[in-house]
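# Coordinates in review
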Amino acid sequence: MITGTSQADVAVLVVSAAAQEFENGMSFNGQTKEHALLAYTLGIRQMIVLVNKMDDKSVNFQENRFTDIKEKLGAHLKKTGFNPEKVPFVPVSGWFGDNLTEPSANMSWYKGPTFLQAIDTLEVPKRLTEKALRFPLQDIYKIGGVGNVCVGRIETGVVTPNTKLYIAPCGISASVKSIEMHREVVPKASAGDNVGLCVSDISIKDVQRGYVVGDADNDPPAAVQDFTAQIVVVNHPGEIKAGYAPVLDFHTSHVACRFVELISKVDKKTGVELEAAPKSIVKGDAAIVRFEPTRPLSCEPFAAYPPLGRFAVRDMRETIAIGIVKSINKRAPTLETPQ
């Protein structure tokens, strides 16, 4: 879910209108809350909410159940960062097809768009084509008669055939032989495109998901020794101290990183320092923290490359904190053989 979300422009959040099912999703450890938070943390700013199972016997297409869900979920989305006024809420029945492509006679009280119409109202986000190439790998395949193909989404920049590539954090160089998009060879690909790059001079044993491809001649990506980030603790049962090593989810990379130093507590909204060198942080705190990855990682400052500078901190299958990278300390590349 996290890898797919990191490559998406829009989220479709499906919630159940059936009795107690929506309430379970909105509970303390509910998946609805978790998915909304992860979507916003990983860069999604447009969302459509489908209120499904309106045909359930406990609902029977009633308007009051839809209105109740819209109010409660809208309030949570606002806290997460979304603007509820710009999020279409569509009551649907996936089983019978109500309000998916055609307006439903069972819900004549609903005057909004169908799911298909809501998709047509979405805006194409601004693409970061003016920045240097950043292409986080989702996977790499060896295809007979074609060669090694790197698959993923281009987050920033532009790539063309014969571009010289540099792959971090392993420090391998390669070149683009051809570019394929939707099973068609194309002369160029740019930010926002999901593509396959047929590359030369690399082995699939040396490259893995989470590595970042860049232009060798234009601000190539790098491995990080450590990095400083601003985080907000959203859900942790106790205190977080230096030495804690949860998993950080960057773009397509999932790497355990150690809390090396708690630099300061800061105000969530203004960033003003509240306490220097705190001994611990707890749920609700915002802090500046220095992290050290436990294995090779490539990330970027959020200010320079937003898609590669945001992350979620996860432990025990829950999102513990969210954050953005403020600065990085680069290190010399090392070749790591994927496990």
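Check the entry above for the structure.
Residues numbered from 1 in each chain as written. Predicted model: local features only at pLDDT ≥ 70, side-chain atom pairs only at ≥ 80, totals over all residues. Heavy atoms only, no water.

Looking now at the pairing of strand β18 (residues 310–315). Counting buried positions over the six residues of β18 gives five, a clear majority of the element. Here strand β14 (residues 247–250) pairs with β18 via four bridges, running antiparallel. Its bridge partner lying in β18, Leu248 is registered against Val313. Summarising the sheet, β18 and strand β19 (residues 318–331) pair through six bridges and their orientation is antiparallel. Its bridge partner being in β19, Phe311 is matched across the sheet by Gly323. Count of turn residues in the β18/β19 antiparallel hairpin: two residues, of which Met316 carries a positive phi of about 55°. (Buried < 20%, exposed > 50% of the residue type's maximum accessible area, 1.4 Å probe, protein only. Helix = DSSP H or I, 4+ residues; strand = E, 2+ residues; numbered from the N terminus. Pairing = 2+ DSSP bridges.)

We now examine the environment of Pro91. Relative to the helices and strands, Pro91 resides in strand β3 (residues 89–91). By relative accessible area, which is 0% here, Pro91 ends up buried. Separated by 46 residues in the primary sequence, Pro91 and Leu137 have C-alpha atoms spaced 36 Å apart. Here Pro91 is in contact with Val51, Met54, Phe66, Asp98, Asn99, Met107, Trp109 and Tyr110, once residues within four sequence places are set aside. (Contact = heavy atoms within 4.5 Å.)

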